Each structure stands twice: as structure tokens, then as C-alpha cells.
Amino acid sequence: MPTMRIALAQVNPTVGDLAGNAAAVREWSRAAADSGAQFVAFPEMMLTGYPVEDLVFRASFVAASTAALRDLAADLAADGLGDLPVVVGYLDADGGPRNALAVLHRGEVLTTYYKHHLPNYGVFDEDRYFEPGDTLTVIRLAGVDVALTICEDIWQAGGPFAVAGQARVGLVVNINGSPYELNKDDVRLSLVQRRAVEAGAAIAYVNMVGGQDELVFDGDSIVVAADGALLARAPQFAEHLMIHDLDVPPAVPDAPTGDLGEMSVRRVEVPSSPPAPASLVEGGIADRVTDEAEVWRALVLGLRDYVEKNGFRSVVLGLSGGIDSSVVAAIAVDALGSDRVVGVSMPSQHSSGHSRDDAAELAKRTGLDYRIEPIQPMVDAFLANMSLSGLAVENLQARVRGVILMALSNQEGHLVLTTGNKSELAVGYSTLYGDSVGGFNPLKDVPKTLVWKLARWRDEEAERRGTEPPIPESSITKPPSAELRPGQLDTDSLPDYDELDAILAGYVDGDLGRDELVAEGHDPAVVDRTLRMVDVAEYKRRQSAPGTKISIKAFGRDRRLPITNRWRERPA
């Protein structure tokens with residue numbers, strides 16, 4: 001049985017940066033060649049970045065993608081890499097936009113493949129953007145038949161993987177832009193194993209890594225044998241070149257081609273490739289991490305790439321001493337370094353001494369740029385000219401804080417981070433144009449109960465590393481409060497967060513109705529109150545900053561509801 005040395009380039013492209021992405025392909029292809037790989041595969045739409053959304057409708061962008069592909073093929077050959085087959089995702093147009101991959105070899109585009117299954121659920125709208133392919137491309141490389149597929153092709157039964165089985169290939173390559181969700185790595189592995197058995201072939205699954213607006217890609221590239229056995233697995237949330245020697249059966253001389261029912265098969269011979277390996281190399285199996293570690297890494301990478309890819313030098317946030325702003329500050333320092341994070345304490349007459357102390361203590365522990373801007377004189381100036389009371393005065397304080405942060409952003413060029421969590425966003429527990437102000441929200445998809453777990457995990461991780469925990473213990477243990485009036489607590493306005501988050505998980509993430517939630521054991525009155533708050537807060541969510549998706553259903557791309565909507569859940 002032949003042994004093939006494969007290279008999976010788990011890398012971080014940027015949407016629209018065709019030149020930068022092409023340069024990355026050249027750099028990582030060189031590393032693959034130096035490792036003796038016989039081919040290297042890059043992620044879905046590597047050349048353009050992913051997802052490109054409505055850029056697919058610009059003829060100039062499509063033309064730039066195909067031109068960049070041809071230039072990349074020539075540049076690889078000029079780099080002395082012409083004999084290394086390079087599998088790279090790009091945007092094409094053939095009877096409509098195509099989510100495509102190409103095999104680059106000897107300075108040319110040797111062959112292409114168009115994605116067959118187009119996802120149209122969750123964050124995906126590919127039926128809107130692309131035309132599906134109907135032909136499975138099989139390349140014969142070093143005496144082995146290799147089928148080429150793209151992302152969703154592996155998530156659906158039948159189609160390319162079933163046809164690959166009929167075509168009797170020895171290996172299926174699947175290039176991906178598969179966004180992260182908590183515990184998706186477990187689903188991903190079992191899926192790849194099932195498809196290997198379905199195709200009767202080994203699978204090399206490569207995924208991109210990095211942040212793109214609300215999405216973050218976790219890598220987790222995988223190689224499995226034809227029987228589903230896990231052979232190699234890359235780490236999450238890091239660029240990585242996985243090199244693995246894989247035993248694969250030789251090509252079958254009389255393997256079928258042409259129309260095989262659901263798809264046709266096109267066979268292409270790769271005229272040459274690097275020699276087979278002389279010694280065995282294994283890609284290794286990266287350790288799995290805890291849920292909290294996984295989410296933390298996703299949030300750090302999502303924020304870092306949003307800042308870096310959009311050209312911001314630094315970030316600024318309101319630092320109250322509470323749990324949410326403390327966690328956001330710690331994420332920001334981990335993502336960018338303390339010298340690029342500004343934390344602003346903005347006390348009012350209602351701000352407690354312990355909150356001020358906790359904010360100062362976190363700043364001391366992390367080394368961020370700490371400033372104090374008292375808001376009471378500004379609030380008093382408004383109240384001297386307007387007659388306000390009650391909730392209006394509370395919201396005024398939040399809006400003054402928002403003005404301060406945006407002023408610092410304008411003056412010094414920082415990106416403002418807002419710090420509201422998913423629970424608060426769900427029920428509208430925020431002030432529009434106040435504490436919700438900002439350009440990015442790291443906690444947008446993080447429920448309050450998980451915020452506490454993340455804080456605990458980060459402090460414990462610091463202790464394991466022998467460093468000082470960044471988040472003061474009192475910020476974690478004290479009852480949460482907006483501190484906009486004397487003695488205020490979140491529980492004055494909201495159910496207990498353990499109960500609230502359980503209801504929100506069912507209603508928001510699971511689309512359960514009122515009666516289903518009550519049947520799960522939740523108090524009917526609490527359910528009714530919670531659902532009412534969620535339903536009427538849609539207008540606030542529509543105006544909220546983007547933030548990293550970590551759950552099965554995030555606000556924004558995943559959950560799309562009308563603002564003007566009279567439907568309400570009622571008892572059956």
C-alpha cells in the first residue's frame with residue numbers, strides 16, 4: 001500500500017486581501033515542500049477569505065479572484081514549487097458565482113472543483129450566493145486517486161462522499177471554512193469518521209483558523225483512516241501545518257468515471273509530484289481542552305483578529321469593577337497586550353467604593369492603561385438644564401459614560417469595546433447609546449453564568465502558570481449591579497441568572513415555545529416575564545455591536561426576527 005505524505009495548512013486568511021492571502025499560500029507551500037509533502041491543501045476560499053458575503057455579486061471581485069489564482073500558480077512555479085500540487089479555495093464564476101477549489105501545478109491551474117452542497121442555515125446563506133457543482137473531481141496523484149470536496153459536502157449524507165465511494169478513491173480531501181461553536185469539535189470528529197466509512201476512504205479535513213467579524217474559525221484539522229480511526233489532529237485556534245504520512249490504497253485501474261447518478265466524476269492525472277517519504281512522519285493528535293479554555297481562546301482570537309484586520313491600534317472600555325467589564329478587560333489584554341488596552345473608570349455618586357477598588361486592582365494586575373473620569377459633574381450639568389427622574393436619570397448616567405468612551409475613541413483612535421453579555425442582550429437589560437455603545441462586544445454570545453465560569457477559569461489558569469490572576473476575587477463573588485441608583489442589584493429587574501439563562505437557552509438557542517419551557521419545569525410566571533422582555537428588546541439587539549459567536553445560535557447572523565412583530569407566546 002503506498003504511503004503519501006500530506007500537508008494540511010491550517011491558516012488565517014483575511015477577506016478581500018487577495019495579495020496577502022496569496023503570499024500566505026506561497027509561504028506555507030514552501031514549508032510543506034521543505035517537509036517533503038506530496039501535496040498541500042489550504043482552507044475553503046483561502047484566496048479571497050471567507051465568508052465574502054455580497055462581494056460575490058461584484059464582477060470586479062470575482063475577476064480579481066480568478067486573476068489572483070492564475071498569478072498564484074505562476075508565482076508558485078517561480079518559487080521553485082511547481083511540482084508540489086497545491087489545493088486552494090477561491091471564488092470563481094461559471095454560470096454564476098462558484099465556491100471553488102483549484103489544484104495548482106507547474107505554473108497552471110490543473111483542475112477545479114465546485115462545491116456541491118450549499119448550506120443555507122444558521123450563519124450560512126450560500127444558496128443566495130453560489131451555484132452548486134455537479135461534478136466530483138478526482139486527481140490521480142503518485143498512483144493514488146484523491147477526491148476533492150469543500151466543507152458542507154462532508155456535512156450532508158450522499159453527494160460527493162457517496163460518489164467518492166462509488167469512484168473507489170483512496171483519499172478524500174475536504175477543505176473548510178467551518179466556524180467555531182462550543183463542542184463543535186466533538187461533532188466534527190464523529191462526522192468525519194462517518195463520512196470516511198461511507199466513502200470507504202481516508203479523509204484529510206483542513207479547516208481555517210482566525211476571526212472574521214462575528215465568526216471565529218478554530219482549525220481542528222483532522223486526518224482519519226478509511227475505517228474512521230483518528231490518525232492526526234491539529235490544535236485549535238492556532239495556525240498550524242500538519243504533516244502526516246498516510247497509507248492509502250493504489251488507484252484502481254478500472255474505477256468508474258462519468259455519470260454516476262447524483263454526480264459525474266471527472267478524473268485528472270497529476271503529471272508529477274514530490275517523491276514518497278523515506279521515513280515515517282506522524283501529524284500527532286493535539287490535546288483537547290476544557291469548555292472554558294476553548295471559549296476563552298475563541299474570544300481572544302475573535303477580538304484580536306477584529307482589531308488587527310480592521311487596523312485598530314488599541315481598544316478602550318469602561319472598567320466598572322464588575323464581572324463583565326473585568327472579563328472583557330482580561331480578554332483584551334490576552335488578545336492585544338496591556339499596552340494596547342485602555343480601561344476607564346467612570347464613577348458616579350452611586351458607584352461603590354469596592355467597585356472602584358476592584359477596577360483599580362484589575363488595572364494594576366493586568367498593567368493596562370487605567371484612567372478615571374468622574375461622570376457626576378456631567379450628569380449634574382444635564383440635570384440642571386432638564387427635568388429628569390427615575391429611569392431617565394439612570395439611563396443618563398450610562399449615556400454620559402458612552403459619550404466619554406466615544407470621545408476618547410475619536411480623540412485617540414481606540415476601538416470601543418462594549419461589555420454586555422448575552423443574557424443582558426437577550427432581555428434588553430442595557431441602555432441604548434449608553435453601556436451598549438461600542439464597535440465590538442466580546443461577550444455578545446456569552447451568557448452571564450458562563451461569564452462567571454470564564455472568570456474563574458482564567459484566574460485558575462493564571463495560578464497554574466504561576467502568574468497573578470487578572471480578575472479580583474470580589475469582582476467574581478459580589479452580586480452584580482449596574483450601580484445606577486442606591487442599593488441597586490440586577491435581581492431587582494431580572495430573575496436569578498441560573499434560571500434566566502436556562503430559559504434563554506431554550507427560547508433563544510432552542511426555539512422552544514412557552515408551553516415547552518413550562519413543561520421543562522420552569523415557573524410559568526418567570527417564563528412569561530422573560531419571554532416578554534426578550535420579544536420587546538429586538539430593536540435594541542438590531543443596533544448592537546458585533547461580537548464573537550460561540551454558541552449554536554448567536555444574535556445577529558443566526559437569529560433573525562422582525563422588530564415590528566405582534567406575535568407573543570401565550571399559554572395553550
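Note that the structure is a prediction, hence the values are computed from the model and not measured. (Residues numbered from 1 in each chain as written. Predicted model: local features only at pLDDT ≥ 70, side-chain atom pairs only at ≥ 80, totals over all residues. Heavy atoms only, no water.)

## Here we look at the overall build of the protein chain
Within the protein chain one finds 18 helices and 20 strands. Taking 572 residues into account, the globule formula puts the C-alpha radius of gyration at 25 Å, and the protein chain, at 26 Å, falls close to it. Expressed as lengths along the three principal axes of its C-alpha atoms, the size of the protein chain is roughly 85 × 55 × 45 Å. Burial status across the protein chain gives 57% buried among its 572 residues. Total accessible area computed for the protein chain in this model is approximately 22200 Å², and 51% of it derives from carbon and sulfur atoms. For the protein chain, the distance from the average position of its 54 positive side-chain charges to the average position of its 82 negative side-chain charges is 3 Å. (Helix = DSSP H or I, 4+ residues; strand = E, 2+ residues; numbered from the N terminus. Rg over C-alpha atoms; globule rule 2.2 N^0.38 Å. Buried < 20%, exposed > 50% of the residue type's maximum accessible area, 1.4 Å probe, protein only. Areas by Shrake-Rupley, 256 points an atom, 1.4 Å probe, with all protein chains shown as cover. Lys, Arg positive; Asp, Glu negative; His and termini not counted. Charge placed at Lys NZ, Arg CZ, Asp CG, Glu CD.)

## Concerning the pairing of strand S13 (residues 230–233)
The pairing of strand S12 (residues 222–224) with S13 spans three bridges and is antiparallel. Note on S13: the bridge partner recorded for Ile222 is Arg233. Here S12 hands over to S13 after five residues, with Gly228 in that stretch at a positive phi of 90°. (Pairing = 2+ DSSP bridges.)

## Things to note about helix H15 (residues 497–509)
Along an α-helix, residues three or four positions apart point the same way, because every turn accommodates 3.6 residues. By the burial criterion, the buried members of H15 are Tyr497, Leu500, Asp501, Ile503, Leu504, Gly506, Tyr507 and Val508. Among the structural elements, helix H12 (422–427), helix H13 (448–465), helix H16 (514–519) and helix H17 (524–536) are those in contact with the buried residues of H15. N-capping of H15 is provided by Asp496, with a side-chain oxygen placed 3.0 Å from the backbone N of Asp498. Backbone geometry just downstream of H15 places Asp511 in the positive-phi region, at approximately 55°. (Contact = heavy atoms within 4.5 Å. Polar contact = N/O pair within 3.5 Å; in protein donor to acceptor, adjacent residues only side chain to side chain.)

## Overview of the sheet that holds S12
The strand order across the open sheet built from eight strands is S13-S12-S9-S8-S7-S6-S16-S15, with neighbouring strands paired in mixed fashion. Only two strands of the sheet have a single neighbouring strand rather than two, namely S13 and strand S15 (258–259). Two elements, S15 and strand S16 (residues 264–269), share two bridges in a ladder whose sense is antiparallel. Along S16, the bridge assignment pairs Gly258 with Val265. Sitting on the sheet, helix H6 (residues 184–199) is in contact with strand S8 (171–176), strand S9 (202–207), S12 and S13, with an inclination near 35° to S12. (Axes fitted to C-alpha atoms, helices over the stretch in contact; angles between N-to-C directions.)

## Some words on unusual backbone geometry
Following Tyr50, the chain continues to Pro51 via a peptide bond in cis, the omega torsion being -5°. When you line up the elements, Pro51 lands in the loop between strand S2 (39–41) and helix H2 (59–78). The backbone of Arg106 shows a phi angle near 55°, a positive value even though the residue is not glycine. One can find Arg106 in the loop between strand S4 (97–105) and strand S5 (108–114). Positive phi, normally seen in glycine, also occurs at Cys151, with a value near 35°. Within the element layout of this structure, Cys151 appears in the loop between strand S7 (144–150) and helix H4 (152–155). Since its relative accessible area comes to 4%, Cys151 is described here as buried.

## Considerations on H2
Counted at 1.5 Å a residue, the expected span for H2 with its 20 residues is 28 Å, and the 29 Å between its end C-alpha atoms agrees. Those residues of H2 not exposed but buried are Phe61, Val62, Ser65, Thr66, Ala68, Leu69, Leu72, Ala73 and Leu76. Take H2 and look down its axis: the buried residues cluster within an arc of 155°, on one side only. For H2, exposure combined with an orientation more than 90 degrees from the buried face picks out Ala59, Ser60, Arg70 and Ala78. Each element contacted by the buried residues of H2 is listed here: helix H1 (18–34), strand S3 (86–93), S4 and S5. Backbone geometry just downstream of H2 places Gly80 in the positive-phi region, at approximately 85°. (Expected span 1.5 Å × (residues − 1). Arc of directions from axis to C-beta.)

## Regarding the packing of helix H7 (residues 291–309) against helix H8 (residues 323–336)
Look at H7 against H8: their axes get within 9 Å of each other, and the N-to-C directions meet at 65°. The element H7 and its partner H8 pack so that their crossing is right-handed. From H7, Trp296, Leu299, Val300, Leu303, Arg304, Val307 and Glu308 reach across to H8, where they touch Val327, Ala330, Ile331, Ala332, Asp334, Ala335 and Leu336. Across the contact of H7 with H8, the residue classes tally to eleven nonpolar, no polar and three charged. (Left-handed = near helix turned anticlockwise from the far one by under 90°. Nonpolar A, V, L, I, M, F, W, Y, C, P; charged D, E, K, R; others polar.)

## With respect to the environment of Arg514
Topologically, Arg514 is positioned in helix H16. Residues Arg514 and Ala31, 483 residues apart in the sequence, show an inter-C-alpha distance of 55 Å. Residue contacts for Arg514: discarding those within four places in its chain leaves Pro524, Val527, Asp528, Leu531, Glu569, Arg570 and Pro571. Within the structure, the side chain of Arg514 is placed 3.3 Å from the side chain of Asp515, a separation counted as a polar contact.

## Focus on the sheet that holds strand S18 (residues 341–345)
Strand order across the open sheet formed by four strands is S19-S18-S17-S20, with parallel pairing between neighbours. What marks the edges here is a single partner per strand, and that holds for strand S19 (369–372) and strand S20 (415–416). Relative to S18, strand S17 (residues 315–318) runs parallel, the two being bridged by four bridges. In the strand pairing of S18, Val316 is matched with Val342. Taken strand by strand, helix H11 (residues 391–412) contacts S17, S18, S19 and S20, and its axis lies near 165° from that of S17.

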